[in-house]
Number of protein chains: 2
Amino acid sequence: MTAISKAEDTRQRVLDVAARQFRDRGYAGVSLRDIADEAGLKAGSLYYHFRSKDEIVATVLDIGIALVHEAVERAVAALPQGPSPERLLTTAIRQHLQAFLAYSDYTSANVRIFGQLPPEVRRANLPARQRYEALWDAIIDRARAAGTVRNSVDTATFRLFLLGAMNASLEWFDPARGDVDRLARRYADLALHGLLGRPEA
Amino acid sequence: MTAISKAEDTRQRVLDVAARQFRDRGYAGVSLRDIADEAGLKAGSLYYHFRSKDEIVATVLDIGIALVHEAVERAVAALPQGPSPERLLTTAIRQHLQAFLAYSDYTSANVRIFGQLPPEVRRANLPARQRYEALWDAIIDRARAAGTVRNSVDTATFRLFLLGAMNASLEWFDPARGDVDRLARRYADLALHGLLGRPEA
DNA sequence: CCTACCGATCGGTAGG
DNA sequence: CCTACCGATCGGTAGG
């Protein structure tokens, strides 16, 4: 049984509220009074839990990456030895989409506002971003090592293409109405075989 | 010779400055004083050219879509009759990326801040967005009609996948250092044939 | 297109 | 965790 202190509980509630508000109105569009109101405390009291607005947003950004990183890493590690490139990449794509959409307040806050943050705050989130990119590069290179991958496109370009396509789904896909697993199968099919399948020559 | 009035010139300069600032700091992160300072006039004077902050941002959003729409539509119309699906889609992809990256202040302002705008402002930009999506759906369906397209993924899903991947390039691709045409060839190759090429069965 | 200003709101702090 | 407040800044307007 985990003992959850009142302060911990409040802190989590503040972060949940902050993530959703930052996603919806941007970094500068959310005041500490907005967050405090919805989280049920007074604006000045936020400083009992956080040192500044920047610390709140930095925490939201890191959580958004960490949840997805862990989900993808765990699912890939649980695969039987020597998976086909298809199986490996399809698993990673499904896990990324499932986690991304499940924690969409945090993940889409990250995707949406990262580019418009003060440089110091952006810098604080960079290591987590780079570790996640490295995880994907390792997965792609592992698929490549199986030998059936066409070699025309380098790892970084494929990773940027694929993560860009997946992250954009935050802007239109509603997990409450759509089937995440079906979306994952379609996106994996497109990433692996494209619209046409076999190249012309 | 086009006569450009002083007021028109100032208006254009204000929009250029506003687009870049909105892209970098978000909608609420940019004050009218910030824009006026960099455009070389006083904050109150902006109201000689625009009725409100919302009118400025709405104009920036519409320009971002219109420039890309026209470029893609024109290039596709200029194609010889009966182009192959490869040629048709590769042309559209190249034009989208070239225009998107050439006008990146406007286009990335649009991509980045759309989701965090007040609902009225978002609504004003919706028709332009939907017309552009319809243009892409028509292009994809035309490629499909040639008969060599696999039918496993529907038009809307492919369009969302592809536009998501392309638009994300705004966050990392620097046209001053990279080769847009090479990026376009790689993205077209991935969209058409995927990482593996031929499907397994 | 500028000057001078309005009421409202901002992030943050002192003191409890 | 609250009350009460600080100086700074916000979008917008009147009058020129």
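Residues numbered from 1 in each chain as written. Chains lettered and ligands numbered in written order. Predicted model: local features only at pLDDT ≥ 70, side-chain atom pairs only at ≥ 80, totals over all residues. Heavy atoms only, no water.

With an unreviewed UniProt entry as reference, chain A is termed TetR family transcriptional regulator, source organism Thalassobaculum fulvum.

Caption draft 1: Layout of the overall build of chain A. Helices and strands together make up the secondary structure of chain A, namely nine helices and zero strands. Element order for chain A, N to C, with α for helix and β for strand: α-α-α-α-α-α-α-α-α. Principal axes of the C-alpha set define a box for chain A whose edges measure 65 × 40 × 35 Å. Within chain A, the fraction of its 201 residues that count as buried is 52%. (Helix = DSSP H or I, 4+ residues; strand = E, 2+ residues; numbered from the N terminus. Buried < 20%, exposed > 50% of the residue type's maximum accessible area, 1.4 Å probe, protein only.)

Caption draft 2: Broad picture of the protein's contact with DNA strand C. In the vicinity of DNA strand C there are 16 residues, among which R33 and Y47 of chain A together with S45, Y48 and H49 of chain B approach most closely. Here, DNA strand C places atoms within 4 Å of the protein, and 60% of those atoms are sugar or phosphate. At 2.7 Å, a side-chain N or O of R33 of chain A approaches a base nitrogen of DNA strand C. In this structure, T10 of chain B approaches DNA strand C through a side-chain N or O atom, which is 3.1 Å from a phosphate oxygen. Counting residues per element, the ones that place at least two in the surface near DNA strand C are α2 (32–39) of chain A together with α1 (6–25) and α3 (46–49) of chain B. For the surface near DNA strand C, a count of residues per class yields five nonpolar, six polar and five charged. (Near = heavy atom within 4 Å. Polar contact = N/O pair within 3.5 Å; in protein donor to acceptor, adjacent residues only side chain to side chain. Nonpolar A, V, L, I, M, F, W, Y, C, P; charged D, E, K, R; others polar.)

Caption draft 3: Fine view of the relation of the copies chain B and chain A. The two copies are related by a screw motion: chain B maps onto chain A through a turn of 180° and a shift of 0.0 Å along the axis, at an RMSD of 0.0 Å. Both copies are brought into coincidence by an operation consistent with a two-fold rotation axis. Of all interface residues in chain B, 100% are interface residues in chain A too; the two copies therefore contact each other through one and the same surface. (Least-squares fit on C-alpha atoms with pLDDT ≥ 70 in both. Contact = heavy atoms within 4.5 Å.)

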